[in-house]
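Chain by chain, the residues:
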Amino acid sequence: MIRFEPRASTPLVLLVIVPVLSALAALGSALLILALSGAPTARAAGLLVQGAAGSVFAITETLTRATPLILTGLAAAVAFRAKLWNIGAEGQLYAGALAATAVGTGIITLPPLLMIPLICIAGAAAGALALLGPVLLKAKLSVDEVVTTLLLNFIILLFVQMMLEGPMKDPMGMGWPQTSPIIDEGVLPRLVAQMRLHAGIVIALAASLFVHVLMTRTVAGYEMRAVGGNASAARFAGIPVSATLVKTALLSGALAGLAGVSEVAGLKGYLTSDLSPGFGYSGIVVAMLAALNPLAVVPAAIFVAGVFVGADTMSRTLGISNYFADLVVALALLCVLIGSLFTRYRLRLVRAA
Amino acid sequence: MMDAFDILLQANFWAAAIRIATPFIFGVLGALICERAGVLNLGIEGIFVAGALSGWLAVYLGAGLWTGIGVAALVGACLGLLHGCFTVILGLSQHVTGIGITLFATSASYFGYRVAFPTVTSPPRIEAFKPLNLDILSVIPVIGPALAQQTALTWVAFVCVALTGLVLYRTPLGLAIRAVGDNPASVDAQGLSVAGLRMGALAVGSALMAVGGAFLTMSAFNAFFFGMINGRGWVCIALTVFASWRPGKALLGALLFGAFDAYQVRLQTLAGGVVPSQIFLMMPFILSIIALILVARKADYPRALMRPFIKGER
Amino acid sequence: MLDEPTAVLTPQEADSLFAALRLLAASGLAVLFISHKLPEVLALSHRIVVLRGGRKVADRPALGADRHSIATLMVGREVEVERPAPPQPGPPVLALSGLHAGAGRDQLRDIDLVVRAGEIVGIAGVSGNGQQTLAALVAGLERPTTGRFDVLGAPGGTTPSDMVKRGVGRLSEDRHRDGMVGEMSVAENLVMERRRDSAFNRAGFQRGAAMQEAARQAIHAFDVRCPGPDSTLRLLSGGNIQKLLLARALAGNPRLILANQPTRGLDIGATEQVHGRLRQAAAKGAAVLLISEDLDELFALSHRIAVMHAGLMTPAVDAARLDVSAIGLAMAGQASPRFAPDREVAA
């Protein structure tokens, strides 16, 4: 009989190996499914790796794709750490992108050193506000935040579409539902010549470090962790639970909003309604792969990004649908859930007496 | 303004309302069965997708319509059991598992569809369920013709409401299910299997969810589109709270929602371009949030909802 | 098989239960009675089995057994049984007068109570008669509806941090539910009430070294058995967790201590240590409000005892004047004349 015993502490080796094995298991399972569907699996796998990391272009593409994922991954990690189930990062991302566009397409012109921070602040604020509603509903009226954040995603996306077809439509865009481009002073500079990698990755990495320091070194982060660990006990000890949840929500929403800013001001240059192919939801997988650790979010995001970028290459060459990437990411979430059992528990084989 | 009220008197408004409501009836029934047993099944959105695809695909490949429904139900049940392996047996987070199941079921369905139809741009169609045209019902004003136009699946939904209510409130099994979501320790103490009851509830509930999805591709429409589920699963979760986890109120809630959605579609044509269409499309989601707010304070959640049961834990 | 069946019974009800059990046993039923309440075990059993550390250390007839020897077997060494020393009570620290609070079954109705510096006042009663509202009030989680609620001469605080700042040390009723954050370390749990104090907080950043040192001192002083300040709290035994939470409550030398079911679920060794600490604090001048369902504990610690029933409280009377049956009757709502004189006069 197999018995689960809680571990006193988890060796670092295990903490690193389990997510890696989960990721590989997900990849393997998906390739197995691919094989069952009759596709040339070995070649597909090769193209996947090549597309993700086989050239300078591939690597920069992967990093570019990882940029919003780091930010939405951080958003999910911060929230989940406090047991705040923010499934609305997708909507918060679009809110941030919308705010960035509203501010950054010519209504105000400042030199880049001021313009870029302005756009970032606008986007972060919009993302934070988007999550504030559900959190206040939770704190004051006990409304579960899972459903409200989820439904808000749809509402925000429809709102963005409304804006794109109406007040914010680019007058010179030939009728397409898209906004005017971000002005030059607001565009995040490219980092590598002729590649799409932009300064958004710097923002993302800085955010990761910021969240790490916040969580481990500050009183505010300590309060967030306490509330996530046992809100009743935190309340008893004098920690203001509602205020802490609001702070957590503002931070989480702001991070997701920044992801939107990064995509609009760094990658695309203008806003369309298909800006995000599910970054908000993939961010949840990134956060889980990283075991909610803000530093680990970076490699986790790079892995997920690599899968998506590699799948694009695979798709272009072999015609295999790039929903394959979504499948790998979904499987990764399920695998890492199982993997978390091994980090929390030790397996013991007990012989019946 | 008169037009706005006239809408309510037209039979085809109510026909649309009932038709729109049907997947929600299945979905809310499914969700409430799972939650009554103590499990929040956030895989519902993905299970809707999987049910929609698998039922439709079965028919496309030559099976009969009812066989297709059976396939969808089976796929749903399997996904529910998968959810249960994570949450009931291994005690992992119900929130994260649910999101994982949704992502998995959706991506697997989309990928599977593309594997089956790699190059197709306009979705292939099947012979869907036909309206039953039960003319005897036409004697009832307005509602009668509306009901007469419905397909067999809608009647199945009504029957499921009755059955669920019967089982939950009039049988020992139903009592056990309700008990296991409120106080699993008491069920365990009587020698019943908490895990067994929860897995069973998940299987049945998820099967219903999948049939809700299949309704869309096999009755309301006759093809599978990407993004066709469009948040219906999440709305069902909200409506479940609104329905206080009771099958009768679930039917009412779904019908109210269906009526509202049918109404906003017709309002759109009346308002004709003055109000952007997106405002109307937002309404169902906003309504769901409002419904949640109204009920949340006094919501009588099953007390053991989302708490994994570990035998022998004090 | 009965597992701690008298937790929610008055002494009279427990007696009825025992009578019923004796009848059943006489007609052939085998009864396994699990309890840590030695008087009950001695009163009811034919045979007594003592378990310690997972092993059976005694299996003997009840005839001739006494509390002292059983307690010794349970702990493995000699156990002290102290009677509380008569106090020289100082000024009132906690004063309740005409107090109403809470709602529903557990509400408080017209409560008068004074606890002075240096004394331990025990509150007896079956759970659900208002004790937890009283505890919530003193902990800062609840506010009075009407009436006076003074701590150290000024109106009581309205939040837990208020109360902590005023000098109230609090132990919660259920350490798992609202005492400990299991995922955090010993050190992190220890400083939770004082996390914003300048000792542990420099401009928003935590002083890790100071936290570690405070934890080391608490671990040593309170005999908290654990690998170190960084150990995850949920892995410690119940007794050690409670000792740590007591260390937290007593940090900063509080003037008023709320001890709510302080030894529930603890073994005799840990119970002794907790009792010793509470007596020590009282001897040094703190006022202790002890809420407990364990009459043994109440008699072992309290100078005065009051009983709660249906939101009402008897006057707190010298413990030496009371016995189990008087308290039992009061718990059931029939306070005897022994509770009548000396109505509390809040200074």
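Starting afresh in each chain, residues are numbered from 1 along the sequence in its written order. Chain A is the first chain written and ligand 1 is the first ligand written, with later ones labelled in order. Given that this is a predicted model, residues contribute local features only at a pLDDT of at least 70 and side-chain atom pairs are listed and counted only at 80 or more, while totals for whole chains, interfaces and linings are drawn from all residues. Computation of side-chain values: all heavy atoms of the structure, hydrogens and water removed.

Considerations on the overall build of chain A
Part 1 of the argument: Scanning chain A from N- to C-terminus turns up 13 helices and 2 strands.
Part 2 of the argument: The atom set for the radius of gyration is the C-alpha atoms, and the globule formula is 2.2 Å times the number of residues raised to the power 0.38. For 353 residues, the compact-globule estimate of 2.2 N^0.38 gives 20 Å, and chain A sits close to it at 21 Å.
Part 3 of the argument: Sequence-distant contacts in chain A: of pairs separated by 6 or more residues, those separated by 24 or more amount to 76%.
Part 4 of the argument: Carbon and sulfur atoms provide 69% of the accessible area of chain A, an area that totals close to 14,000 Å².
Part 5 of the argument: Side-chain charges in chain A split into 21 positive and 14 negative, and the spacing between the mean points of these groups amounts to 16 Å. Helix and strand labels come from DSSP, where a helix needs a run of H or I of at least four residues and a strand needs a run of E of at least two; each type is numbered from the N terminus. Pairs of residues are marked as contacts when any of their non-hydrogen atoms sit within 4.5 Å. The protein chains shown are the only cover counted for residues, whose accessible areas, like all others here, come from Shrake-Rupley with a 1.4 Å probe. Charge assignment: positive for Lys and Arg, negative for Asp and Glu; neither His nor the chain ends contribute. All charge positions are set by atom: Lys at NZ, Arg at CZ, Asp at CG, Glu at CD.

Looking at the overall build of chain C
Part 1 of the argument: Helix and strand counts for chain C come out as 12 helices and 17 strands.
Part 2 of the argument: Here the C-alpha atoms of chain C give a radius of gyration of 21 Å, agreeing with the 20 Å that 2.2 N^0.38 yields for 347 residues.
Part 3 of the argument: On the principal axes, the C-alpha backbone points of chain C span a range of 70 × 50 × 35 Å.
Part 4 of the argument: Counting the 347 residues in chain C, one finds 50% classified as buried.
Part 5 of the argument: Partitioning the contacts of chain C with sequence separation of at least 6, the portion at a separation of at least 24 is 62%.
Part 6 of the argument: With an accessible surface of roughly 15,800 Å², chain C has 54% of that area assigned to carbon and sulfur atoms.
Part 7 of the argument: Treating the 39 positive side-chain charges of chain C as one cloud and the 37 negative ones as another, the clouds have centres 4 Å apart. The buried label goes to any residue with under 20% of its type's maximum accessible area, the exposed label to any with over 50%, and the partly exposed label to all in between, with areas taken from a 1.4 Å probe on protein chains only.

So, the sheet that holds strand β5 (residues 92-101) of chain C
The strands making up a sheet are joined through hydrogen bonds of the backbone, oriented either antiparallel or parallel.
Residue and element names in this part refer to chain C.
Part 1 of the argument: Only when DSSP finds a minimum of two bridges between them are two strands counted as paired. Strand order in the open sheet formed by 4 strands is β6-β5-β8-β9, with antiparallel pairing between adjacent strands. The open sheet terminates on both sides in strands that have one partner only, identified here as β6 (108-116) and β9 (154-155).
Part 2 of the argument: Relative to β9, strand β8 (residues 144-151) runs antiparallel, the two sharing 2 bridges. The residue of β9 that forms the bridge with Val 151 is Ala 154.
Part 3 of the argument: Axis angles are defined between N-to-C directions and span 0 to 180 degrees, where every axis is a line fitted to C-alpha atoms and, for a helix, only to the segment in contact. Together, β5, β6 and β8 form the strand contacts of helix α4 (residues 131-139), whose direction differs from that of β5 by roughly 125 degrees.

Here we look at the side chain of Asn260(C)
Part 1 of the argument: Relative to the helices and strands, Asn260(C) is located in strand β13 (residues 256-260).
Part 2 of the argument: Those residues in contact with Asn260(C), other than ones at most four positions away along the chain, are Gln132(C), Ala135(C), Leu171(C), Ser172(C), Glu173(C) and Ile291(C).

Looking at unusual backbone geometry
All names here are of chain C.
Part 1 of the argument: Despite not being glycine, Leu 152 shows a phi value in the positive range, around 55 degrees.
Part 2 of the argument: A positive phi angle, close to 55 degrees, is found at Asp 223, a residue other than glycine.
Part 3 of the argument: Here Asp 223 lies in the loop between α8 (208-221) and α9 (238-250).

A short note on the nonpolar core
Part 1 of the argument: Within the largest apolar cluster, 270 residues are counted, with the highest numbers of intra-cluster contacts made by Leu255(A), Phe324(A), Phe224(B) and Ile327(C).
Part 2 of the argument: Not counting the four nearest positions on each side in its chain, Phe224(B) is found in contact with Val49(B), Ala52(B), Leu53(B), Trp56(B), Tyr110(B), Tyr113(B), Pro123(B) and Thr217(B).
Part 3 of the argument: The criterion is simple. A nonpolar core is a set of buried Ala, Val, Leu, Ile, Met, Phe, Trp, Tyr and Cys residues joined through side-chain atoms within 4.5 Å. Grouped together as the second largest cluster of nonpolar side chains are 31 residues, Leu94(C), Val121(C), Ala306(C) and Ala316(C) included.

Considerations on α9(C)
Residues and elements named next belong to chain C.
Part 1 of the argument: Helix span, as expected, comes to 1.5 Å for every residue beyond the first. Taking 1.5 Å per residue, 13 residues should reach 18 Å; α9 reaches 18 Å between its end C-alpha atoms and fits that length.
Part 2 of the argument: Turning to α9, its buried residues are Gly 239, Asn 240, Ile 241, Gln 242, Lys 243, Leu 244, Leu 245, Leu 246, Ala 247, Arg 248, Ala 249 and Leu 250.
Part 3 of the argument: Looking one or two residues past α9, Gly 252 carries a phi angle of roughly 80 degrees, positive in sign.

Quick look at the interface of chain A and chain B
Part 1 of the argument: In this assembly, 42 residues from chain A lie in contact with 41 residues from chain B.
Part 2 of the argument: Reported buried area values correspond to the accessible surface (1.4 Å probe) lost by two parts on association, with both partners' losses combined. Roughly 3,700 Å² of surface becomes buried between chain A and chain B when both sides are summed, with 86% attributable to carbon and sulfur atoms.
Part 3 of the argument: Only one rule defines a salt bridge in this text: a Lys or Arg side-chain nitrogen within 4 Å of an Asp or Glu carboxyl oxygen. In this structure, the connection of chain A to chain B is made through 0 salt bridges.
Part 4 of the argument: Put simply, the parts of the chain that give the side of chain A that touches chain B at least two residues each are α1 (12-36), α5 (112-141), α6 (145-165), α11 (279-289) and α13 (323-344) of chain A.
Part 5 of the argument: Of the residues forming the side of chain A that touches chain B, the biggest block, 13 residues, is contributed by α6(A).
Part 6 of the argument: Asp, Glu, Lys and Arg are counted as charged, while Ala, Val, Leu, Ile, Met, Phe, Trp, Tyr, Cys and Pro are counted as nonpolar; the rest, among them Gly, fall into the polar class. For the side of chain A that touches chain B, a count of residues per class yields 32 nonpolar, 6 polar and 4 charged.

Brief notes about the packing of α11(A) against α13(A)
Residue and element names in this part refer to chain A.
Part 1 of the argument: Between α11 and α13, the least distance of the axes is 9 Å, while the angle of their chain directions is 35 degrees. Relative to α13, the crossing made by α11 is left-handed. Seen from α11, the contacting residues are Val 285, Met 288 and Leu 289; seen from α13, they are Val 329, Ala 332, Leu 333, Val 336 and Leu 337.
Part 2 of the argument: Among the residues making up the contact of α11 with α13, the classes are represented as 8 nonpolar, no polar and no charged. Crossings are sorted by hand: turned counterclockwise from the far helix by less than a right angle, the near helix makes the crossing left-handed, and turned clockwise it makes it right-handed.

What to know about the interface of chain C and chain A
Part 1 of the argument: On the chain A side, the residues contacting the 29 residues of chain C number 25 residues.
Part 2 of the argument: Around 2,200 Å² of area is buried between chain C and chain A when both sides are counted, 58% of it from carbon and sulfur atoms.
Part 3 of the argument: It is Met184(C), Arg195(C) and Gln206(C) that lose the most area in chain C upon contact with chain A, and together they represent 24% of the buried surface on that side.
Part 4 of the argument: Residue Arg196(C) is joined to Glu223(A) by a salt bridge in which the shortest nitrogen-to-oxygen separation is 2.8 Å.
Part 5 of the argument: What qualifies as a polar contact is a pair of N or O atoms within 3.5 Å, subject to a donor-acceptor requirement within protein and to the restriction that residues adjacent in sequence count only when both atoms come from side chains. Taken together, the connections running from chain C to chain A amount to 12 residue pairs in polar contact (both at pLDDT 80 or more).
Part 6 of the argument: Of all the secondary structure elements, the ones that give two or more residues to the side of chain C that touches chain A are α5 (160-166), β10 (168-171), α6 (175-178) and β12 (205-206) of chain C.
Part 7 of the argument: A per-element tally of the side of chain C that touches chain A places α6(C) first, with 3 residues.
Part 8 of the argument: The residue inventory of the side of chain C that touches chain A, partitioned by class, reads 11 nonpolar, 8 polar and 10 charged.

Regarding the environment of Ala103(C)
Residue and element names in this part refer to chain C.
Part 1 of the argument: Turning to its location among the elements, Ala 103 is positioned in the loop between β5 and β6.
Part 2 of the argument: Classification of Ala 103 as exposed rests on a relative accessible area of 64%.
Part 3 of the argument: Sequence spacing of Ala 103 and Thr 133 is 30 residues, and the spatial spacing of their C-alpha atoms is 8.8 Å.

Side note on the confidence of the model for chain C
Residue and element names in this part refer to chain C.
Part 1 of the argument: Each residue carries a pLDDT score, the predictor's own confidence in it, on a scale running from 0 to 100. Taken as a whole, chain C shows an average pLDDT of 88; of its residues, 94% reach a score of 70 or greater.
Part 2 of the argument: Per-residue pLDDT stays below 50 along residues 342-347; that stretch engages in 15 contacts with residues further than four places along the chain or on separate chains.
Part 3 of the argument: The ipTM value of the predicted complex is 0.93, and its pTM value is 0.89.

Regarding the packing of aromatic side chains
Two aromatic rings are characterised by how far apart their centres lie and by the angle between their planes.
Part 1 of the argument: Note on ring pairs: Phe, Tyr and Trp rings are taken, using the six-membered ring of Trp, and paired if centres are within 6.5 Å. Classes follow the plane angle, with under 30 degrees stacked, over 60 edge-to-face and the rest tilted. Per the stated rule, a full pass over the model turns up 23 aromatic pairs over all chains.
Part 2 of the argument: Here Phe324(A) and Phe111(B) contribute two aromatic rings whose centre-to-centre distance is 5.9 Å and whose plane-to-plane angle is 55 degrees, an arrangement assigned as tilted. One end of the pair, Phe324(A), is in helix α13; the other, Phe111(B), is in helix α5 (residues 94-116), on a second chain.
Part 3 of the argument: Between Tyr60(B) and Phe117(B), the ring centres sit 5.1 Å apart and the planes meet at 85 degrees, which makes this aromatic pair edge-to-face. With Tyr60(B) in helix α3 (residues 44-60) and Phe117(B) in the loop between α5 and α6 (143-148), the pair connects residues that are 57 residues apart, well separated along the chain.
Part 4 of the argument: You can call Tyr60(B) partly exposed: its relative accessible area is 38%.
Part 5 of the argument: Connected via pairs of aromatic rings, a cluster forms that spans Tyr323(A), Trp56(B), Tyr60(B), Tyr110(B), Tyr113(B), Phe117(B), Phe224(B) and Phe226(B).
Part 6 of the argument: Distance and angle both matter: a charge sits over a ring if NZ of Lys or CZ of Arg is within 6 Å of the ring centre and within 35 degrees of the ring normal. Over the face of the ring belonging to Phe236(A) we find Arg170(C), whose NZ or CZ atom lies 4.4 Å from the ring centre.
Part 7 of the argument: Above the ring of Phe222(C), the side-chain terminus of Arg277(C) is found at 3.8 Å from the ring centroid.

Quick word on the pairing of strand β4 (residues 55-61) of chain C
Along any regular strand, the residues point their side chains to alternate faces of the sheet.
All names here are of chain C.
Part 1 of the argument: Pairing of strand β3 (residues 47-52) with β4, which is carried by 6 bridges, proceeds in the antiparallel orientation. Paired with Leu 51 across the strands is Lys 56, a residue of β4.
Part 2 of the argument: A loop of 2 residues connects β3 with β4, the two strands running antiparallel in sequence, and Gly 53 in this loop sits at a positive phi of about 60 degrees.

Looking at helix α7 (residues 200-217) of chain A
Residue and element names in this part refer to chain A.
Part 1 of the argument: Counted at 1.5 Å a residue, the expected span for α7 with its 18 residues is 26 Å, and the 25 Å between its end C-alpha atoms agrees.
Part 2 of the argument: Gly 200, Ile 201, Ala 204, Ala 207, Ser 208, Val 211, Leu 214 and Met 215 are the residues of α7 that are buried. Projected down its long axis, α7 shows its buried positions confined to an angular sector of 150 degrees, all on one face. Looking at α7, the residues exposed on the side facing more than 90 degrees away from the buried face are Leu 209, Phe 210 and Arg 217.
Part 3 of the argument: At its buried positions, α7 is contacted by α3 (56-81), α8 (219-229), α10 (241-268) and α12 (297-318). When we speak of the arc, we mean the arc of directions from the helix axis to the C-beta atoms.

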